[in-house]
Amino acid sequence: MNIAIAQMGPAVGKVEQNLDKHLEILQKAKDKGAEAVIFPELALTGYELYDLVPDVAIKEGHPIMEKLKEGSRILPFFTGFVLEEDDLFFNAAGFFREGKLVHIHRKVFLPNYSMFEEKRFFAEGDRFRAFYDGKLGRVGILICYDYLHPSSSYVYFLQKVDLLVVLSASPARGYPQDGFPSIAMWENMSKVVSRHFTVYVAYANRVGFDGGMAFGGGSHAYSPTGEEILRLRDLEEDLGIFAYQRKELRRARVLFPALRDERPRVIYREIRRILNED
Amino acid sequence: MRINPEIVENLAVNFIRTELSRIGMKKGIVGLSGGLDSTTVLYLLTRAVGPENAVAVIMPHRVSSPSSVEDAMDVVKTLGVKHYLIDITPMVEAYFEKMPTDNKVLRGNKMARERMSILYDISAREGGLVIGTSNKSEILLGYGTIFGDLASAINPIGDLYKTQVRVLARHLGVPEKILRKKPSADLWVGQTDEGELGITYQEADKILYELVDLRKPVEEVERSYGKEKVRGIVDKIYKNHFKRLPPQILKISTRTVGRDFLYSRDVLT
């Protein structure tokens, strides 16, 4: 199966325009032979939203939500948007397929340091639930800072996921030498997570500028043996496709039976002990 | 604090291009002194929008060093950009005839603000954005005139220390004589940045980098560079913080501009 990563740059608050961009890219990816597409974090709204959060939020029945669902008749896709639920606003990612919103992940780890102030504007998600798709297998969605906490990937690992989809809006930062250190950080994470949890990792980062912040791009995919199988450009719009193969998952797990040898009960008991010490 | 100048160039060029197109403008306006920072920014602007959309404004005063105008004119010719040469002596001196002073700082601030006023006038005439030329060293030390040379719409070099700007400039092909020039605001005869600041940029940048970027504790940085120097820098950072901020607004309502009325600079563009 061919999965595309759409490294694009949405405009802050221009939801209609960003939606049109989604539809264009879906068609383009389809023409290139892709069977599913992954867009970055908050690709529908732009990242630096601040007080715009409630104004760009969508929920079931919202015309934009309906248009997103319609778009998934072109190709199934993952994208990031602001989800409204019970008057709460989440930094969310959805998987859309054949006119339906199949699965939602609400960002659990909201960064609130340095240039980030997501906790001020978003409610926190509280679960990592894998879902099953006939073509993709078992999938876990992570949003940006979720992924920098290896425990999130571990929770999906225990749910036997085949594909980790990471939607990101990571600004390029640190004085660049070979490249931006922030971009290398994500690659290092993917190298380790894919190899040690024997999963495919697809990391979709955005590009463009919000308020002087340049988003780094450098989207990539890693195979379950830890090989880089797709690497998009730094800092510029790009679209790339990787081959997602069931047989590679099996081969990786024959080579390295990480899941078989995992001892979640020990981990669970130790975490419980640590928490109970408070 | 080493940088890869090629990556920085591409990013800065892309930034200028993106921000101009978001605002629906083609042109950028740079106040060109003939010094390192403004020359570097004009090179970046020219790469971003082409010489036909880059506008240099050279604004000498009679106390400016004659080589400044010559160097600026050489840059304009090399890049093939449109330029304005406007002598600010008459406007500035008309004011000081009514309000006489020998205070160099007062005179320098007036000159910096006169230049800002001209840049914004030309930006409206040309339909362009004023591109800032303050570097990170100046911004952190507060070595600039508020609403004068610190004023701009976008600034592609404001997160680069002076020594890093020099690396970028060399990569861009800025002429050797400009690279070697002693940094100066050129507001009075014999003025140099390093003379006024009492420290070289080489050293100030290292101290700033450790304090600001690496967030090392002041005491630790003092042990490496000496108490007096580091204290001097820390004092300047805080004393001049106001120059980096919009004016303080007294909060009366529940939603106040700048405090809890928050939108991206790029909102809906």
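The rules behind the values
Residues numbered from 1 in each chain as written. Chains lettered and ligands numbered in written order. Predicted model: local features only at pLDDT ≥ 70, side-chain atom pairs only at ≥ 80, totals over all residues. Heavy atoms only, no water. Helix = DSSP H or I, 4+ residues; strand = E, 2+ residues; numbered from the N terminus. Rg over C-alpha atoms; globule rule 2.2 N^0.38 Å. Buried < 20%, exposed > 50% of the residue type's maximum accessible area, 1.4 Å probe, protein only. Contact = heavy atoms within 4.5 Å. Lys, Arg positive; Asp, Glu negative; His and termini not counted. Charge placed at Lys NZ, Arg CZ, Asp CG, Glu CD. Buried area = accessible area lost by both parts, 1.4 Å probe. Salt bridge = Lys/Arg side-chain N within 4 Å of Asp/Glu carboxyl O. Polar contact = N/O pair within 3.5 Å; in protein donor to acceptor, adjacent residues only side chain to side chain. Pairing = 2+ DSSP bridges. Axes fitted to C-alpha atoms, helices over the stretch in contact; angles between N-to-C directions.

(A) Local environment of the overall build of chain B. In terms of helices and strands, chain B carries twelve helices and four strands. Relative to the compact-globule value of 18 Å for 269 residues, chain B shows a C-alpha radius of gyration of 19 Å, a close match. Structurally, chain B occupies a C-alpha span of about 50 × 45 × 45 Å along its principal axes. Relative to its full complement of 269 residues, chain B shows a buried share of 49%. Contacts in chain B between residues far apart in sequence, at least 24 positions, make up 71% of those at least 6 positions apart. Of the side chains in chain B, 39 bear a positive and 34 a negative charge, and the two mean positions are spaced by 2 Å.

(B) Representation of the interface of chain B and chain A. The interface is formed by 30 residues belonging to chain B together with 24 residues belonging to chain A. Here chain B and chain A share an interface that buries about 2,000 Å² over both sides, 60% of which is from carbon and sulfur atoms. Remark: the boundary between chain B and chain A carries one salt bridge. Note that Asp 51 of chain A and Arg 255 of chain B form a salt bridge whose closest N and O atoms lie 2.7 Å from each other. On inspection of chain B and its partner chain A, the count reaches eleven residue pairs in polar contact (both at pLDDT 80 or more).

(C) Focus on the pattern of salt bridges. Residue and element names in this part refer to chain A. Taken as a whole and assessed by the stated rule, the structure comprises 44 salt bridges over all chains. A salt bridge links Glu 70 to Arg 73; the shortest N-O distance between them is 3.3 Å. Overall, Glu 70 belongs to the partly exposed group, its relative accessible area being 46%. When its relative accessible area of 53% is taken as the criterion, Arg 73 is described as exposed. Overlapping salt bridges, with partners in common, bring together Arg 269, Glu 270, Arg 273 and Glu 277 in one network.

(D) Examining the sheet that holds strand S8 (residues 163–168) of chain A more closely. Residues and elements named next belong to chain A. Taken together, six strands build an open sheet; the order of strands is S6-S7-S8-S9-S12-S13 and the sheet is mixed. What marks the edges here is a single partner per strand, and that holds for strand S6 (131–133) and strand S13 (228–231). Neighbour to neighbour, the strand axes of the sheet diverge by 20° on average, direction disregarded. Strands in contact with helix H6 (residues 181–196) are S8, strand S9 (200–205), strand S12 (220–222) and S13; relative to S12, the strand with the most contacts, it is inclined by about 20°.

(E) Spatial organisation of the side chain of Glu 248 of chain A. Within the secondary structure, Glu 248 of chain A sits in helix H7 (residues 246–255). Aside from chain neighbours lying at most four places away, what touches Glu 248 of chain A is Tyr 200 and Pro 224 of chain A.

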